[in-house]
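What follows is the residue order along each chain.
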Amino acid sequence: MREVAAEFKRPVMLYSIGKDSSVLLHIAIKAFYPAKLPFPLLHVDTTWKFREMISFRDATAKRLGVELIVHVNEEGIARGINPIDSGSALHTQVMKTDALKQALELYGFDAALGGARRDEEKSRAKERILSFRSAGHVWDPRNQRPELWSLFNTRIRTGESMRVFAMSNWTELDVWEYIMLEKIPVVPLYFAKQRPTVRRNGTTIMVDDRRLPLNCDETPQMRMIRFRTLGCYPLSGAIESDATTIEDVVAEMQTASVSERQGRLIDTDEAASMEKKKREGYF
Amino acid sequence: MTSIAISKPVHPRARDQLRFITCGSVDDGKSTLIGRLLHDSKMIYQDQLAAVKRDSIRHGSADIDFALLVDGLEAEREQGITIDVAYRFFTTSRRSFMVADTPGHEQYTRNMATGASNAQLAIILIDARKGALVQTRRHSFICSLLGIRHVVLAVNKIDLVAYSKVAFDRSVASYLAFAAGLGFSSIVPIPISARHGDNVVDRSAHTKWYNGPCLIEHLESVDIQSDTASQAFRFPVQWVNRPDPDFRGYAGSVASGRISAGDDVVVAASGRTTRIKRIVTQDGDLVHAEAGDAVTITLEDQIDIGRGDLLSRPTERPSVADQFAAYLIWMDSDPLAPGRNYILRIGSQTVAGSVTAIRYRIDVNTCEHLAAETLSLNEIAFCNVATALPAAFDPYDVNRKTGSFIVIDRFTNRTVGAGMIAFPLRRATNVSWRAPSVGRSERAALKHQRPCVVWFTGLSGAGKSTIANLVDQKLLAMSRHAMLLDGDDLRNGLNADLGFSKAERVENIRRAGQVAKLMLDSGLIVICSFISPYRSERDMVRSLIGKDEFVEVFVDTPIEECARRDPKGLYSKAKAGEIKNFTGIDASYEAPIRPEIHLRTTEQTPEQAAEVVIAAVMARTLLCDERR
């Protein structure tokens, strides 16, 4: 992280409000202490995030005194793109991937730090810690720079950029154990609570606001649920759980039998879908 | 070192982590083995397994194909081969593991070196039916070179030789014969079947003759002795932390050893000594810091320290030198050009440097030493390296973090090589520069001119020599002291030993640049006429001369026009195949991006072109005249 601050002209930290982002931010604050963070946070808001995520985001930025940039793809809003009518693929493309590219170009960021981990998904396992993107933010898996030892090649030309995955070698369990050890605040949605939900295609969706259209045979039911991964609420599947504390969550993790991304509706669209998204510029 | 990647949190149960790589030839079953390890150690979640079952059927296999768990990228799933390094994680009750799955086929050997650079142990797979292959040997050699000391020889597909002890023993013997000279401290052979799980997590009932541990038992118990805290203290400064005028801290991760507040430290490059004042973290000051800790250090004295400096104890200093001998692995499709200026990253230091000599290339199959003028992709050599400024380092076999470096191409920005330092070369201290008592400006003042180097570059037949000669004549007529250096003339004398390969062209320009510099220092206007096809060599000369004294003149003539003129009859010979490596035909020309002067000979006569150059040179000289 300090490497990024030292080597790039205009770095930014992508802040998704999730647990990985919380850990990344916590570590960044520690790395630069007593100085302030030498880069801003960027949140790409799809406008469909859980309300609790947004309030947590704003409270966190205030608590830590960090600069927060929120970017929304207004063009997407104008086109009426949303996860319900447009489908998850188009919504993700326009409101996340395109929006991120817009924001990076708008502010001229040349390095974007993120909390993605290699254990999340198969194509992530091959990601570099410093991932080179050509001028169009395109990831070419066949043309990545070799990374030996901890010696990073940070050289880029104008217009090119680097995605930096500082937590590549962490696992989901590492993240939770670290959150427990360092007492890092995370969005309350990670802990179980009675919440209004509906079941669709074997997935439990939380009814976060009135925008979620209910079928005539659906009535929201209160269920004891929590989330392992957070995104847009209509696309995030909850799990039924009684884990109300961080210790419960860690204990639950140690016996988990399904992967965290299972609840993510965007990955199951088609085989190798993550790799396609990444080539197009998804983080 | 001091990395971008954050190290793993310290676990309350202090589970240690073993980082290992798997390597072997195509189809030896590496991905299958990793898939098996993940599956049998219960790291595969139900949904992932279900997806693989679906995919296995689609890819035409009846059983679960474990390789599909780890072969992440679409392209390789289609071709059935792994094309890049993949990192996997799994945990048992005794250890956590990070696995680098590295590719087996030849053109991706650089990825193998990448995986090996951070590994403590290697699992080398061989097919029980085939024994050790050329690739196996290559991979073992790279593991050894990158400092891996522990090897598991996994003799895979033992089921396909009917669990035969004879086949196993034969494979092991063939491997040991080769590996004897590679300096591994342990080699543990295990007969396995990744596909069926024999001796992976549980001992197999099919190999009663085998009494050793199964794979996972061995991985859990092998002593990797990674006690970097007991080594000499090394702290590469990564970032200077200056939130306000009262605080000046040096941030980094301790690469090795330990240090306490109050201990004496020395800055390697400058030799300045001081004392540790505080070891600062957000959770409060520390008394000690040791290998792996990311801290911010403040010092008692205000001394000049920046990113790239290396702190050590005064009693255990690293080497500081501008020349060293190193093993170099070449990783780029463009070959190494000795003499060419590259960027070296040594720890947090970034310096310009070049390979001054290839002592020998190593045939990885036989370990034979061979003569070489250049290095191609995947080739390994023992080289002399020179850096523009002295760098601080340790030998790689003493400290992997301060003894390693990467080589970056200035123009493509690709990582083109990886090196392991063997020892410093002391020549740097023996040949010190004489500080001249009479300098360039004194000599130039005598001639009433401001010296400079006018460097003509362009294709053969572009008109460089014609224009350069005119410029020389005009300067003489104006009573200016100039000297013309022409590529052809130098090749008849000083450079008579050089041909036209890429490496020899680089050396040709290096020598020409050095001669031009001597002439410049004697106060002359130096007119140089060289094809000088590579941007990096011209830039090397530019940095040697100094950008204020260097005037790059691009004689821009389309190749069709050069070939039509063909003053020396070379184009027709090249087209007939009689001359090899001819610029513009079968060797490339990299046009200048921003030359000081751009001449287009299809639009200007040589006379007009020469006047443009004279005007530029005189503008500089006049400036000098006025100042006097």
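A short tour of the structure in this document, coming up. (Residues numbered from 1 in each chain as written. Chains lettered and ligands numbered in written order. Predicted model: local features only at pLDDT ≥ 70, side-chain atom pairs only at ≥ 80, totals over all residues. Heavy atoms only, no water.)

1. Details of the overall build of chain B
Part 1 of the argument: Counting its regular elements, chain B contains 17 helices and 27 strands.
Part 2 of the argument: The buried share of chain B, reckoned over its 628 residues, is 56%.
Part 3 of the argument: Within chain B, counting contacts between residues at least 6 apart in sequence, those at least 24 apart form 73% of the total.
Part 4 of the argument: When the accessible surface of chain B is totalled, it reaches about 26,400 Å², and 51% of it is carbon and sulfur. (Helix = DSSP H or I, 4+ residues; strand = E, 2+ residues; numbered from the N terminus. Buried < 20%, exposed > 50% of the residue type's maximum accessible area, 1.4 Å probe, protein only. Contact = heavy atoms within 4.5 Å. Areas by Shrake-Rupley, 256 points an atom, 1.4 Å probe, with all protein chains shown as cover.)

2. Concerning the sheet that holds strand E1 (residues 16-23) of chain B
All names here are of chain B.
Part 1 of the argument: One open sheet accounts for six strands, arranged E2-E3-E1-E4-E5-E6; its pairing is mixed. For this open sheet the edge positions go to strand E2 (86-91) and strand E6 (186-191), each flanked by a neighbour on one side alone. Across the sheet, the axes of successive neighbouring strands diverge by a mean angle of 25°, strand direction being ignored.
Part 2 of the argument: As judged from the seven bridges shared by E1 and strand E3 (residues 95-101), these two strands associate in the parallel manner. Following the sheet pairing, Asp-16 is matched in E3 by Arg-95.
Part 3 of the argument: The strands touched by helix H7 (residues 165-179) within the sheet are strand E4 (121-127), strand E5 (150-156) and E6, with E6 carrying the most contacts at an inclination of about 160°. (Pairing = 2+ DSSP bridges. Axes fitted to C-alpha atoms, helices over the stretch in contact; angles between N-to-C directions.)

3. Some details on the pattern of salt bridges
Part 1 of the argument: Here the structure, examined in full by the defined rule, presents 43 salt bridges over all chains.
Part 2 of the argument: Linking Glu-290 of chain B and Arg-258 of chain B is a salt bridge whose minimum nitrogen-to-oxygen distance equals 2.7 Å. Here Arg-258 of chain B lies in strand E10 (residues 258-260) and Glu-290 of chain B lies in strand E13 (residues 288-290), a separation of 32 residues in the sequence.
Part 3 of the argument: Residue classification places Glu-290 of chain B among the partly exposed positions, given a relative accessible area of 30%.
Part 4 of the argument: For Asp-488 of chain B, the salt bridge is made with Lys-568 of chain B, and the minimal N-O distance between the two is 2.8 Å. Taken together, the residues span a long stretch of sequence, with Asp-488 of chain B in helix H12 (residues 487-492) and Lys-568 of chain B in the loop between helix H15 (559-565) and helix H16 (570-575) at a distance of 80 residues.
Part 5 of the argument: A residue is classified by how much of its surface remains accessible, and Asp-488 of chain B, at 37% relative accessible area, is partly exposed.
Part 6 of the argument: Members of the salt-bridge network, linked through shared partners, are Glu-3 and Glu-7 of chain A together with Arg-307 and Arg-345 of chain B. (Salt bridge = Lys/Arg side-chain N within 4 Å of Asp/Glu carboxyl O.)

4. Considering the side chain of Asn-413 of chain B
Part 1 of the argument: Among the secondary structure elements, Asn-413 of chain B is positioned in the loop between strand E21 (404-408) and strand E22 (415-424).
Part 2 of the argument: In this view, Asn-413 of chain B contacts Arg-145, Asn-153, Arg-155, Ile-156 and Arg-157 of chain A together with Ile-408 of chain B; residues no more than four positions away in its chain are not counted.

5. Some thoughts on helix H1 (residues 30-40) of chain B
Part 1 of the argument: Of all the eleven residues making up H1 of chain B, ten are buried; the element is thus mostly covered by neighbouring parts of the structure.
Part 2 of the argument: Those residues of H1 of chain B lying buried are Lys-30, Ser-31, Thr-32, Leu-33, Ile-34, Gly-35, Arg-36, Leu-37, Leu-38 and Asp-40 of chain B.

6. Points about the pairing of E3 of chain B
Residues and elements named next belong to chain B.
Part 1 of the argument: In terms of residue burial, E3 counts as a mostly covered element, since seven of its seven residues are buried.
Part 2 of the argument: Every second residue of E3 is oriented toward a common face, with Arg-95, Phe-97, Val-99 and Asp-101 on one face and Ser-96, Met-98 and Ala-100 on the other, all of them buried.
Part 3 of the argument: Both E2 and E3 contribute to a ladder of six bridges, which runs antiparallel. Among the inter-strand pairings, Ala-86 is bridged to a residue of E3, identified as Asp-101.

7. Details of the packing of helix H2 (residues 19-32) of chain A against helix H6 (residues 172-182) of chain A
All names here are of chain A.
Part 1 of the argument: At a closest axis distance of 10 Å, the pairing of H2 and H6 adopts a crossing angle of 55°. Comparing the axis directions of H2 and H6 gives the class oblique. In the packing of H2 onto H6, the handedness of the crossing is left-handed. Along its contact with H2, which presents Lys-19, Asp-20, Val-23, His-26, Ile-27 and Lys-30, the element H6 presents Glu-172, Val-175, Trp-176, Tyr-178, Ile-179 and Glu-182.
Part 2 of the argument: The class makeup of the residues in the contact of H2 with H6 is six nonpolar, one polar and five charged. (Parallel < 35°, antiparallel > 145°, perpendicular 65-115°, else oblique. Left-handed = near helix turned anticlockwise from the far one by under 90°. Nonpolar A, V, L, I, M, F, W, Y, C, P; charged D, E, K, R; others polar.)

8. Details of H6 of chain A
Residues and elements named next belong to chain A.
Part 1 of the argument: Among the eleven residues in H6, eight count as buried, and that is most of the element.
Part 2 of the argument: Looking at the buried positions of H6, the neighbouring elements they touch are H2 and helix H7 (246-254).
Part 3 of the argument: Downstream of H6 by one or two residues, Lys-183 has phi in the positive range, about 55°.

9. Concerning the packing of aromatic side chains
Part 1 of the argument: The final tally for this structure, using the stated rule, is 25 aromatic pairs over all chains.
Part 2 of the argument: For the pair Trp-330 of chain B and Tyr-342 of chain B, a centre-to-centre distance of 5.7 Å together with 70° between the ring planes defines the contact as edge-to-face. Placement of the pair is Trp-330 of chain B in strand E16 (residues 319-330) and Tyr-342 of chain B in strand E17 (residues 342-346), with a sequence separation of twelve residues. Exposure class is identical for Trp-330 of chain B and Tyr-342 of chain B. Each is buried.
Part 3 of the argument: Through a chain of ring-to-ring contacts, three or more aromatic side chains come together here, namely Trp-48, Phe-50, Phe-227 and Tyr-233 of chain A. (Phe/Tyr/Trp six-rings, centres within 6.5 Å; stacked < 30°, edge-to-face > 60°.)

10. Let's talk about the packing of helix H6 (residues 134-145) of chain B against H7 of chain B
Between two packed helices, what matters for the description is the angle formed by their axes and the separation of those axes.
Residues and elements named next belong to chain B.
Part 1 of the argument: Contact geometry for H6 and H7: axes closest at 11 Å, N-to-C directions at 45°. Classed by the angle they form, the pair H6 and H7 counts as oblique. For H6 against H7, the interelement crossing comes out right-handed. Seen from H6, the contacting residues are Thr-136, Arg-137 and Ser-140; seen from H7, they are Ser-174, Tyr-175 and Phe-178.
Part 2 of the argument: Of the residues in the contact of H6 with H7, the class split is two nonpolar, three polar and one charged.

11. Let's talk about the sheet that holds strand E11 (residues 264-267) of chain B
All names here are of chain B.
Part 1 of the argument: Here we have seven strands laid out as an open sheet, ordered E7-E15-E11-E12-E14-E9-E8, and antiparallel in their pairing. Among the strands making up the open sheet, the edge pair consists of strand E7 (235-236) and strand E8 (239-241).
Part 2 of the argument: Bridging between strand E9 (residues 249-253) and strand E14 (residues 294-299) involves four bridges; their strand directions are antiparallel. Among the inter-strand pairings, Ala-251 is bridged to a residue of E14, identified as Thr-296.

12. Re unusual backbone geometry
A negative phi angle characterises most non-glycine residues, just as the trans form characterises most peptide bonds.
Part 1 of the argument: At the junction of Tyr-33 of chain A and Pro-34 of chain A, the peptide bond is cis and its omega measures out at 0° in the coordinates.
Part 2 of the argument: Even without being a glycine, Asn-199 of chain B presents a positive backbone phi close to 60°.
Part 3 of the argument: Take Asn-199 of chain B: it is sitting in the loop between E6 and helix H8 (215-221).
Part 4 of the argument: With a phi close to 35°, Asp-566 of chain B is a non-glycine residue in the positive phi region.

Honestly, that's just the spatial picture; any functional story needs more than this.
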